[in-house]
Amino acid sequence: QQQQQQQQQQQQQQQPLPQQQQQSQAGEEAAVVGGSSDPSSGRDYTAIPAQIDAKMEEFDEDSQLRPTIITPSNTWMKKSKKGLLADPTTSIMRGDEQKAEKDKAMDLLDALTKSGAIPVENASLHIVMAATHGFDKTVVETVVQDNVSPIEKVERSTLILAQV
């Protein structure tokens, strides 16, 4: 009887409590979603292209999805106001002006955060990534000759990208 009681106590000690199970599951979910169970460490956005390539190699049978390079134009349109109640003005900015405006924005961010000492809360980061789905034939030839719906192929590519 003493041996049975000792065995039961050992089994109870080895079994995690429900709260510990929930914490463990939450940590596993965080590791899957964000790449780390530590909430203070953010997602590594520089790894996204490699993750997309890996998913495409794994699931894309046709290898029709290609990365796309987005190149902004040399001239930008700037809409601004001199004051809060002033009428908006539009100006065209070229290379040196673009660099000067970008530097001003970074200086302002640096000043507002005291060189990173104050965290920026409730901010959004928008990242644009593009991919091009190509076909060997025209859309009409794909439908008529191959009897394949191009919409299904594009939807498949979209689902693969959505996994990342």
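Okay, the confidence of the model for the protein chain next. Looking at the protein chain as a whole, the pLDDT averages 77, with 75% of positions reaching at least 70. Per-residue pLDDT, averaged within each element of the protein chain, yields its smallest value for helix α2 (residues 18–34) (40) and its largest for strand β3 (residues 89–93) (92). In the predicted structure, residues 15–39 sits below a pLDDT of 50 and forms 10 contacts with residues beyond four places in sequence or in another chain.

This next bit is on the layout of surface pockets. In this structure, the largest pocket encloses a volume near 350 Å³. Taken together, 15 residues make up the lining of the largest pocket; nearest its centre are Ile52, Pro67, Met129, Ala130 and Ala131. Those elements that place two or more of their residues in the lining of the largest pocket are α3 (48–59), β1 (65–68) and β4 (130–133). For the lining of the largest pocket, the element with the most residues is α3, which contributes five residues. Here the residues of the lining of the largest pocket sort into 12 nonpolar, one polar and two charged. The space that makes up the second largest pocket amounts to roughly 160 Å³. Around the second largest pocket, the lining residues are Asp62, Gln64, His133, Phe135, Asp136, Lys137, Thr142, Asp146, Val148 and Lys153. When the residues that make up the lining of the second largest pocket are grouped by side-chain class, the tally is two nonpolar, three polar and five charged.

What counts, and where the lines are drawn
Residues numbered from 1 in each chain as written. Predicted model: local features only at pLDDT ≥ 70, side-chain atom pairs only at ≥ 80, totals over all residues. Heavy atoms only, no water. pLDDT = per-residue confidence, 0-100. Helix = DSSP H or I, 4+ residues; strand = E, 2+ residues; numbered from the N terminus. Contact = heavy atoms within 4.5 Å. 1 Å grid on protein atoms, 1.4 Å probe; cavity = no way out; pocket = protein on both sides within 12 Å on 5 of 7 lines; lining within 4 Å. Points joined across faces, edges and corners; volume = space filled by probe spheres on them. Nonpolar A, V, L, I, M, F, W, Y, C, P; charged D, E, K, R; others polar.

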